[in-house]
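Here's the letter readout for the chains.
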Amino acid sequence: AQSVTQPDIHITVSEGASLELRCNYSYGATPYLFWYVQSPGQGLQLLLKYFSGDTLVQGIKGFEAEFKRSQSSFNLRKPSVHWSDAAEYFCAVGAGSSASKIIFGSGTRLSIRP
Amino acid sequence: GAVVSQHPSWVICKSGTSVKIECRSLDFQATTMFWYRQFPKQSLMLMATSNEGSKATYEQGVEKDKFLINHASLTLSTLTVTSAHPEDSSFYICSAQTSGSRNEQFFGPGTRLTVL
């Protein structure tokens, strides 16, 4: 069965520091992978997605993620975080016969230290 | 573009009553809509998938008679929590997908339901 694991429940980084959020997936075929961000009072916003092609994916707000099939990973990175990046981040995989169902990881809460 | 709204944004009701939550795609036609439930500090769990004009497909463990889903048009889906109980208190989130969006879903802001 498809699943997504985000091993870090809560991460705190200093403003301006680099960030990497970990994500591992379990899926039989080539996965559709997503990273979403959820801020309080707002809906989930898609940061980036991987369907095929270049394994390094660029997203919005300066985020990028790298698909590594050998490690079943899709880690999210940002070279320099801003206080406004504090939020909950969800990694997800598209599942089902047409990959239209999204299975979410448990989320990683990001706090920014001034 | 690709804006999804939910109404109400929060609702408090008495145990035993029914509550309806609306999900609308404001600027596109959604062939498929999804309903999720999110408990505090937890992930989103898919409850059901609905296609316009057909019956919803519920995930295992979700009571279809308790969580009634109607997708009457390409821009509106409703979730009705029938005979709500305190354990139904949660954050309900919908998403909408177009046929050509390569599986990208656009999420609503969510509805906070509190059952007293």
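To be clear, the structure that these remarks concern was listed above.
Comments concerning the overall build of chain A
(1) Moving on: Within chain A, the regular secondary structure consists of 0 helices and 12 strands.
(2) Moving on: The N-to-C order of helical and strand elements in chain A reads β-β-β-β-β-β-β-β-β-β-β-β.
(3) Moving on: In chain A, which comprises 114 residues, the proportion classed as buried is 47%.
(4) Moving on: Summed over its atoms, the accessible surface of chain A is roughly 5300 Å², and 48% of this surface lies on carbon and sulfur atoms.
(5) Moving on: Taken as two groups, the 10 positive and 8 negative side-chain charges of chain A have centres that lie 5 Å from each other.

Some points on the pairing of strand β7 (residues 67-73) of chain B
All names here are of chain B.
(1) Moving on: Of the strand pairs in this sheet, β7 and strand β8 (residues 76-81) are connected by 5 bridges, and their pairing is antiparallel. By the bridge assignment, asparagine 70 is partnered in β8 with threonine 78.
(2) Moving on: Hairpin connection of β7 to β8: 2 residues between the antiparallel strands.

Some remarks on the side chain of threonine 32 of chain B
(1) Moving on: Residue placement: threonine 32 of chain B occurs in strand β4 (residues 32-38).
(2) Moving on: Threonine 32 of chain B has contacts with Thr49, Ser50, Asn51, His71, Ser95, Ala96 and Gln97 of chain B, leaving out every residue within four places of it along the chain.

A few points about the packing of aromatic side chains
(1) Moving on: Here the structure, examined in full by the defined rule, presents 15 aromatic pairs over all chains.
(2) Moving on: Where tyrosine 36 of chain A meets phenylalanine 104 of chain A, the ring centres are 5.6 Å apart and the plane angle is 50 degrees; that geometry is what we call tilted. Taken as a pair, tyrosine 36 of chain A in strand β5 (residues 32-38) and phenylalanine 104 of chain A in strand β11 (residues 101-104) lie far apart in primary sequence, 68 residues in all.
(3) Moving on: In this structure tyrosine 36 of chain A comes out as buried when scored by relative accessible area, which is 0%.
(4) Moving on: Taking the relative accessible area as the measure of exposure, phenylalanine 104 of chain A reaches 8% and is therefore buried.
(5) Moving on: The interplanar angle of 45 degrees and the centroid separation of 6.3 Å between the aromatic rings of phenylalanine 67 of chain B and tyrosine 92 of chain B together place this pair among those described as tilted. One end of the pair, phenylalanine 67 of chain B, is in strand β7; the other, tyrosine 92 of chain B, is in strand β9 (residues 90-97), with 25 residues separating them in the sequence.
(6) Moving on: Looking at phenylalanine 67 of chain B, the relative accessible area reads 6%, which means it is buried.
(7) Moving on: Taking the relative accessible area as the measure of exposure, tyrosine 92 of chain B reaches 0% and is therefore buried.
(8) Moving on: Linked through ring pairs, Tyr32, Phe34, Tyr36, Phe51, Phe90 and Phe104 of chain A together with Tyr36 and Phe107 of chain B together constitute an aromatic cluster.

Regarding unusual backbone geometry
(1) Moving on: Proline 8 of chain B follows histidine 7 of chain B through a cis peptide bond whose omega is 0 degrees.
(2) Moving on: Examined against the element boundaries, proline 8 of chain B turns out to sit in the loop between β1 (4-7) and β2 (10-13).
(3) Moving on: With a phi close to 60 degrees, lysine 61 of chain A is a non-glycine residue in the positive phi region.
(4) Moving on: On the secondary structure map, lysine 61 of chain A appears in the loop between β7 (56-58) and β8 (64-68).
(5) Moving on: The phi dihedral of serine 83 of chain B is positive, around 45 degrees, even though this residue is not glycine.

The rules behind each value
- Residues numbered from 1 in each chain as written.
- Chains lettered and ligands numbered in written order.
- Predicted model: local features only at pLDDT ≥ 70, side-chain atom pairs only at ≥ 80, totals over all residues.
- Heavy atoms only, no water.
- Helix = DSSP H or I, 4+ residues; strand = E, 2+ residues; numbered from the N terminus.
- Buried < 20%, exposed > 50% of the residue type's maximum accessible area, 1.4 Å probe, protein only.
- Areas by Shrake-Rupley, 256 points an atom, 1.4 Å probe, with all protein chains shown as cover.
- Lys, Arg positive; Asp, Glu negative; His and termini not counted.
- Charge placed at Lys NZ, Arg CZ, Asp CG, Glu CD.
- Pairing = 2+ DSSP bridges.
- Contact = heavy atoms within 4.5 Å.
- Phe/Tyr/Trp six-rings, centres within 6.5 Å; stacked < 30°, edge-to-face > 60°.

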